[in-house]
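Notes for the structure review
The primary structure of each chain is shown beneath.
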Amino acid sequence: ALFALPGSVLIGWTLDRSMSLFFRGFETCCLIFSVSSVAAVLQGGSTTYLTGAYLIGVYFMIAAGFWFHELENLSIDGELTNELTNLRNHSGTA
C-alpha cells in the first residue's frame, strides 16, 4: 500500500502519461475525512454493527460525491499546453 501512489507515477513515466501526485481540493478533503473516520473507529478498540454501518455510510457518501462531482480535466500536461498557447497568443499581439 505504501508503494501504490509512487508506483503509479513510475508507471506513468513508462507509459508517457501524466500521473502526478497533484490532488484537487475535493479529493484531499475526502482522503482526510476517510482517514480520520477510520482512525476514530480504530482508537475505540471494539466495534459493533453500528460502527460498520457508519463506515459503509462514509464509503457511500464519498462514492456519491465522486459520482456527482463535476468532471475536471486532471491532465497537468493539457493545462500547461493551454497556458503556453495563451502566452504565445498574448506575446504575438503585443
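Everything quoted here is computed from the prediction, not taken from an experiment.

**Overview of the overall build of the protein**
Scanning the protein for helices and strands turns up four helices and zero strands. Among the 94 residues that make up the protein, the fraction classed as buried is 11%. Long-range pairs, those at least 24 residues apart, make up 51% of the contacts in the protein with a sequence separation of at least 6. Surface accessibility of the protein: about 7900 Å² in total, with carbon and sulfur atoms responsible for 69%.

**Considering the confidence of the model for the protein**
On average, residues of the protein carry a pLDDT of 80, and 80% of them reach 70 or more. Averaged over each element, pLDDT in the protein is lowest for helix H4 (residues 76–93) (64) and highest for helix H3 (residues 49–68) (91).

**Section: the packing of aromatic side chains**
Within the structure shown, the criterion is met by two aromatic pairs. Here the aromatic rings of Phe-26 and Phe-66 are separated by 4.9 Å at their centres, their planes lie at 70 degrees, and the arrangement is edge-to-face. Taken as a pair, Phe-26 in helix H2 (residues 25–44) and Phe-66 in helix H3 lie far apart in primary sequence, 40 residues in all. Aromatic pair Tyr-59 and Phe-60: ring centres 5.7 Å apart, planes at 70 degrees, arrangement edge-to-face. The same class applies to Tyr-59 as to Phe-60, namely exposed.

Each value, and the rule that gives it
Residues numbered from 1 in each chain as written. Predicted model: local features only at pLDDT ≥ 70, side-chain atom pairs only at ≥ 80, totals over all residues. Heavy atoms only, no water. Helix = DSSP H or I, 4+ residues; strand = E, 2+ residues; numbered from the N terminus. Buried < 20%, exposed > 50% of the residue type's maximum accessible area, 1.4 Å probe, protein only. Contact = heavy atoms within 4.5 Å. Areas by Shrake-Rupley, 256 points an atom, 1.4 Å probe, with all protein chains shown as cover. pLDDT = per-residue confidence, 0-100. Phe/Tyr/Trp six-rings, centres within 6.5 Å; stacked < 30°, edge-to-face > 60°.

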